[in-house]
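A look at the structure
Here's the letter readout for the chains.
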There are 2 protein chains.
Amino acid sequence: MTKEQEHLQDILKKRLKEKGLKVTQQRLIVLQILAENRDKHMAAEDIYEMVKEEYPEIGLATVYRTVQLLLEMQLLDRINLDDGRVRYEIGHLFAGDMRHNHHHLICKSCGKVTPFEDDLLEELEAHIEQDAGFHVLDHELKFYGICKECLQKQKKES
Amino acid sequence: MTKEQEHLQDILKKRLKEKGLKVTQQRLIVLQILAENRDKHMAAEDIYEMVKEEYPEIGLATVYRTVQLLLEMQLLDRINLDDGRVRYEIGHLFAGDMRHNHHHLICKSCGKVTPFEDDLLEELEAHIEQDAGFHVLDHELKFYGICKECLQKQKKES
DNA sequence: GTTATTGCAAAAGTTTTGCACCTGA
DNA sequence: TCAGGTGCAAAACTTTTGCAATAAC
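Attention in this report is confined to the structure presented alongside it. (Residues numbered from 1 in each chain as written. Chains lettered and ligands numbered in written order. Predicted model: local features only at pLDDT ≥ 70, side-chain atom pairs only at ≥ 80, totals over all residues. Heavy atoms only, no water.)

Observations concerning the sheet that holds strand β3 (residues 86-90) of chain A
To summarise the sheet geometry, strands pair through backbone hydrogen bonds and adopt either a parallel or an antiparallel arrangement. Residue and element names in this part refer to chain A. Pairing within the open sheet is antiparallel, and its 3 strands lie in the order β1-β3-β2. A strand with exactly one partner marks an edge of an open sheet, and here the two such strands are β1 (42-43) and β2 (76-80). By the bridge criterion, 2 bridges tie β1 to β3 in an arrangement that is antiparallel. Along β3, the bridge assignment pairs A43 with R87. (Pairing = 2+ DSSP bridges. Helix = DSSP H or I, 4+ residues; strand = E, 2+ residues; numbered from the N terminus.)

This is the structure:
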């Protein structure tokens with residue numbers, strides 16, 4: 001287990017205790033799997049399959065309930081790639097290297113999802129706080145289009 | 001019917017004919033309802049209920065199929081507010097007043113959704129085309145946070 | 001007349017829930 | 001001990017699909 005994973009686990013344990021909730025194997029393993037799979041945008045079913053390898057008795061419902069809990073504790077980010085399954089990844093607040101906000105480029109041709117790093121949104125968030133009086137906690141930005149590879153494929157074909 | 005609504009209908013008729021598809025009452029009415037309800041972020045079920053008032057025989061499946069078709073023809077935008085129902089509105093390309101891109105502010109406290117206009121993303125899209133070689137066709141930007149009213153309510157309570 | 005389209009019902013897929021049994025504190 | 005958590009199965013929802021009947025061109 002990496003240092004970052006230990007750190008995440010400690011935060012989870014602390015927040016669970018604060019709320020009088022219990023530290024269970026299932027909760028620790030779900031968090032662990034997500035930490036080992038940054039930027040993989042995992043759906044509940046994906047997490048379920050991976051957790052089963054380490055803890056075969058787990059139920060899918062537990063994964064859903066755990067993910068919900070981790071979201072509320074702000075340990076996860078939720079992403080929706082419009083394929084009918086909600087996806088999750090370790091929250092950007094807990095990036096070990098304090099990386100930038102990251103967004104998603106979704107190719108309409110091949111479906112590939114690429115992360116894209118950028119900080120430009122901070123300026124926009126400042127506008128929103130000022131103009132609309134809306135206190136921004138989080139954001140989700142997706143770009144739909146055609147990826148480099150598909151563009152090249154299209155060129156060849158024509 | 002407003003001038004804009006006639007314009008939308010004409011575009012739909014033209015594009016249907018181009019593709020050898022048929023101009024049906026159902027398609028015209030679904031588009032009409034969406035045009036009458038800009039910025040309402042309507043889910044399929046909402047559209048179905050409103051269309052039924054004018055055309056009671058319509059089926060929910062037809063609404064789903066029509067919305068899919070209108071999306072492909074770029075007459076609609078799709079929005080996902082993470083409540084498990086996909087929503088639709090008349091595409092920003094067809095705003096009568098050539099308004100700016102609009103995004104959504106989603107209040108985590110009361111659930112209210114507010115549109116927010118801004119052009120800042122164009123700069124970012126240029127970056128993406130250049131840095132990642134990704135050709136952007138569309139985007140979706142959502143801000144999660146606490147709205148003005150809920151912030152004031154919180155202040156009073158404390 | 002021919003082909004696309006529709007409405008209905010059934011199916012598919014994801015997420016939630018009820019409940020008896022367990023487990024962590 | 002005992003409140004909170006889990007696994008299972010059933011339920012709840014949204015969205016899609018198959019198909020016979022219908023409407024558009």
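Remarks on the protein's contact with DNA strand D
Near DNA strand D lie 21 residues; those nearest to it are K22, R27, T62 and R65 of chain A together with Y64 of chain B. Per the 4 Å cut-off to the protein, sugar and phosphate atoms form 73% of the nearby atoms of DNA strand D. With respect to DNA strand D, the backbone of V23 of chain B contributes an N or O atom lying 3.0 Å from a phosphate oxygen. For the surface near DNA strand D, the secondary structure elements donating two or more residues are α2 (25-36) and α4 (60-72) of chain A together with α4 (60-72) of chain B. If one sorts the elements of the surface near DNA strand D by residue count, α4 of chain B sits on top with 4 residues. Split into classes, the residues belonging to the surface near DNA strand D amount to 9 nonpolar, 5 polar and 7 charged. (Near = heavy atom within 4 Å. Polar contact = N/O pair within 3.5 Å; in protein donor to acceptor, adjacent residues only side chain to side chain. Nonpolar A, V, L, I, M, F, W, Y, C, P; charged D, E, K, R; others polar.)

Some points on the protein's contact with DNA strand C
Taken together, 21 residues lie around DNA strand C, and Y64 of chain A together with K22, T24, R27 and T62 of chain B are the ones closest in. Within 4 Å of the protein, the contacting atoms of DNA strand C are 68% sugar and phosphate, with bases supplying the remainder. Side-chain polar atom of R65 of chain A to a base oxygen of DNA strand C: 3.5 Å apart, as the coordinates give it. Taking V86 of chain A, its main chain carries an N or O atom lying 2.9 Å from a phosphate oxygen of DNA strand C. Of all the elements in the fold, those that place two or more residues in the surface near DNA strand C are α4 of chain A together with α2 (25-36) and α4 of chain B. Counting residues per element, the surface near DNA strand C draws most heavily on α4 of chain A, at 4 residues. For the surface near DNA strand C, the residue count by class is 9 nonpolar, 5 polar and 7 charged.

Digging into the relation of the copies chain A and chain B
Relating one copy of the chain to the other requires a rotation about an axis plus a shift along that axis. Once chain A has been moved 0.0 Å along the axis and rotated by 179°, it coincides with chain B to within an RMSD of 0.2 Å. Interpreted geometrically, this transformation is the action of a two-fold axis. Closest approach to the rotation axis within chain A is made by the C-alpha atom of L141 of chain A, at a distance of 2.2 Å. Take the interface residues of chain A: 100% of them recur as interface residues in chain B, which is what a same-surface contact looks like. (Least-squares fit on C-alpha atoms with pLDDT ≥ 70 in both. Contact = heavy atoms within 4.5 Å.)

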